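# Overview (structure and organization)
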Amino acid sequence: MTNGGAVTEVPAGLEGVVVAHTAISDVDGTAGRLTYRGRDIEEVVSGFAWEDLVPWLAGERATALHGPAARDIDGPMAAMVRVVLDEGRDVNSDDWQDAYAFIRRVPPAVASALVGARRSDGDEEGLTIAGRYLARLTGRRPTALEAAALNAYWVMAAEHSLNASTFAVRIAASTGAGLPLALAAGVAVLAGPLHGGAPTDVLDLLDEARRHPDDLAAWIDAKLDRRERLPGFGHRVYRALDPRARALKTWYAQLAREREAVAFAARVEEAVLRALRARHPERVLATNVEYYAGVVLDALGIPRMWCPPTFACARLAGWTAHYYEQRRQNRLIRPLARYDPDPAP
Ligand code: ACO
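Our subject in this report is the structure included herewith. Every chain is numbered on its own, with residues counted from 1 as its sequence reads. Reporting of local features is limited, given that this is a predicted model, to residues whose pLDDT is at least 70; pairs of side-chain atoms are given and counted only at 80 or more, and all residues count toward the totals for whole chains, interfaces and linings. Side-chain measures here rest on the full set of heavy atoms in the structure, leaving out hydrogens and waters.

Looking now at the overall build of the protein chain. Working definition: helices are DSSP H or I runs of at least four residues, strands are E runs of at least two. Numbering for both runs from the N terminus. Along its length, the protein chain carries 14 helices and 5 strands. The dimensions of the protein chain, computed from C-alpha atoms along their principal axes, are 70 × 50 × 40 Å. Relative accessibility under 20% of the residue-type maximum defines a buried residue, over 50% an exposed one, and the middle range a partly exposed one, all with a 1.4 Å probe and only protein chains included. By the burial criterion, 42% of the 345 residues in the protein chain qualify as buried. Whether two residues are in contact is decided by their heavy atoms: any pair within 4.5 Å suffices. Residue pairs in contact within the protein chain that sit at least 24 positions apart in sequence constitute 72% of those at least 6 positions apart. If you sum the accessible surface of the protein chain, you get close to 18,800 Å²; carbon and sulfur atoms cover 54% of it. The positive charge centre, built from 41 side chains, and the negative charge centre, built from 44, are 5 Å apart in the protein chain. Shrake-Rupley sampling with a 1.4 Å probe provides the accessible areas, and residues are treated as covered by the protein chains on show and by no other component. Only four residue types enter the tally: Lys and Arg on the positive side, Asp and Glu on the negative side, with His and both chain ends excluded. Charge placement uses NZ in Lys and CZ in Arg. For Asp and Glu, CG and CD serve respectively.

The next point concerns the site of the ligand. Lining the immediate environment of the ligand, one finds 20 residues, of which Arg227, Leu230, Gly232, Phe233 and Arg236 sit closest. Residue arginine 227 places a side-chain N or O atom 2.9 Å away from an oxygen atom belonging to the ligand. Leucine 230 is positioned such that a nitrogen or oxygen atom in its backbone is 2.8 Å from a nitrogen atom of the ligand. Taken by itself the ligand offers 920 Å² of open surface, and the protein chains cover 74% of this. Amino acids are sorted into nonpolar (Ala, Val, Leu, Ile, Met, Phe, Trp, Tyr, Cys and Pro), charged (Asp, Glu, Lys and Arg) and polar (every other residue, Gly among them). Classifying every residue of the shell around the ligand by side-chain character gives 7 nonpolar, 6 polar and 7 charged. For each residue, the test is whether any non-hydrogen atom lies within 4 Å of the molecule or strand; if one does, the residue is near. Here a polar contact is taken to be a pair of N or O atoms separated by no more than 3.5 Å, where protein atoms must pair a possible hydrogen donor with a possible acceptor and residues adjacent in sequence count only if both atoms sit in side chains.

Moving on: the pattern of salt bridges. Salt bridge criterion: a side-chain nitrogen from Lys or Arg within 4 Å of a carboxyl oxygen from Asp or Glu. This structure, assessed with the given rule, holds 22 salt bridges. A salt bridge links glutamate 325 to arginine 170; its shortest N-O distance comes to 2.8 Å. With glutamate 325 in helix 14 (residues 307–328) and arginine 170 in helix 7 (residues 164–174), the pair connects residues that are 155 residues apart, well separated along the chain. When salt bridges with common partners are traced through the structure, they connect Asp204, Asp207, Arg210 and Arg304 into a single cluster.

Before going further, it helps to examine helix 13 (residues 289–299). Most of helix 13 sits inside the fold, with 10 of its 11 residues counted as buried. The complete set of buried residues in helix 13 reads Val289, Glu290, Tyr291, Tyr292, Ala293, Gly294, Val295, Val296, Leu297 and Ala299. Where helix 13 is buried, its residues meet helix 6 (144–156), helix 9 (198–210), helix 11 (243–255), helix 12 (259–279) and helix 14. Looking at the residues trailing helix 13, positive phi occurs at glycine 301, about 85°.

Before going further, it helps to examine the packing of helix 9 against helix 10 (residues 216–225). Interhelical geometry of helix 9 versus helix 10 gives an angle of 130° and a closest axis separation of 10 Å. Looking at the two axes, helix 9 sits oblique to helix 10. In the packing of helix 9 onto helix 10, the handedness of the crossing is right-handed. Counting all contacts with helix 9, which are made through Leu205, Glu208 and Ala209, the residues of helix 10 involved are Leu216, Trp219 and Lys223. Here the contact of helix 9 with helix 10 is composed, by residue class, of 4 nonpolar, no polar and 2 charged. Fitted lines through C-alpha atoms give the axes, limited to the stretch in contact for helices. The angle between two N-to-C directions lies from 0 to 180 degrees. By the definition adopted for this analysis, an angle is roughly parallel if under 35 degrees, roughly antiparallel if over 145, roughly perpendicular if from 65 to 115, and oblique otherwise. Working rule for handedness: look at the near helix, and if it is turned counterclockwise from the far one by less than a right angle, call the crossing left-handed; if clockwise, right-handed.

With that settled, the discussion passes to unusual backbone geometry. Although it is not a glycine, arginine 37 sits at a positive phi angle of roughly 45°. Mapped onto the secondary structure, arginine 37 falls in the loop between strand 3 (33–36) and strand 4 (39–40).

A word on the packing of aromatic side chains. Think of it this way: a Phe, Tyr or Trp ring, Trp meaning its six-membered ring, pairs with another when their centres are within 6.5 Å, and the plane angle makes it stacked under 30 degrees, edge-to-face over 60, tilted otherwise. Taken as a whole, this structure holds 8 aromatic pairs when the rule is applied. For the pair tyrosine 252 and tyrosine 292, a centre-to-centre distance of 6.4 Å together with 45° between the ring planes defines the contact as tilted. Separated by 40 residues along the polypeptide, tyrosine 252 in helix 11 and tyrosine 292 in helix 13 bring together distant segments of the chain. With relative accessibility at 1%, the residue tyrosine 292 sits in the buried group. Here the aromatic rings of tyrosine 291 and tyrosine 292 are separated by 5.0 Å at their centres, their planes lie at 85°, and the arrangement is edge-to-face. The residues tyrosine 291 and tyrosine 292 share a single accessibility class, namely buried. Within the aromatic cluster, the residues linked to one another by ring pairs are Trp96, Tyr100, Tyr323 and Tyr324.

In structure tokens:
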């Protein structure tokens, strides 16, 4: 995977690679010395009850957070973590047939958990796993087109190289953790709004856009003046139109109940792209997969708060593949942090 910029290859397991600066502890492996916040471990051990250590180690700045607020522990992604752990209770990760049966159980069980523990309401005969997921979420048998659309989205969202959640899965695999726990780590990381929340945000953006049908360009400019990031656009790696966005746009055109909605989404897309081109002539900021993923999931009748677990179900495929690849070529992933008593806030 490349975005045309410089690429650095580092040793397996990130051995000897510094990936963060930290004021919390320092390990001097050569001298055999460990310090917590600059104090030798021998001194710390004699002076602290563990419960007092927690706030001291976290430091004064522990609660001074910037950026998006962490999502709710009772939210849909937390529910999915519980399903993965429940369904994975007796799985033997070294037995592929057992592991594969587990993966197939998870999406329908996630849908049941989201709607409130209803296992199955009706006829799921002949449906794919995506179709069964949709049936349980919406409470009715999906049409062939709907089931095929969700399946297409899931195939497109199944894998995307070493993104943050996949990296988390590989880290868990590198320690020898079982598949269910490694997948739970992936779901937890995908729960962050910078990773798995964009389709929901796209739908909010379109709602807001509907209040500005006649002054779209000015409304977008005002947002960009406030340095807002517009969900569904830009990508850390793609410097061209994401091929998945193009495909999902076609699915949306087939699914949407109103022609007007399709035209409006395309109009907002065009207006945003025009504004981004004007502000960033030096780089391509194109439509990413999440823009049309949001409207496709909406057209399928999936409530927007359930977009992240729907995405996570798709990604179980890629996470599982990475889990086994990591296990086969394993080197414990253990990078370094450089000790810095005053890292940037
Ligand atoms: N809206 C407005 N401005 C943007 C956007 C956007 N969506 N994307 C990039 N830019 C601007 C940045 O503000 C920055 O401008 P500046 O230099 O004046 O500060 C410049 O373009 C930097 O762009 P990149 O370096 O290409 O972006 P970066 O790698 O930092 O961020 C990211 C990538 C997080 C995806 C960003 O494009 C973004 O926030 N997009 C919106 C959220 C979103 O759609 N996320 C889903 C991504 S796809 C996925 O995860 C499956």
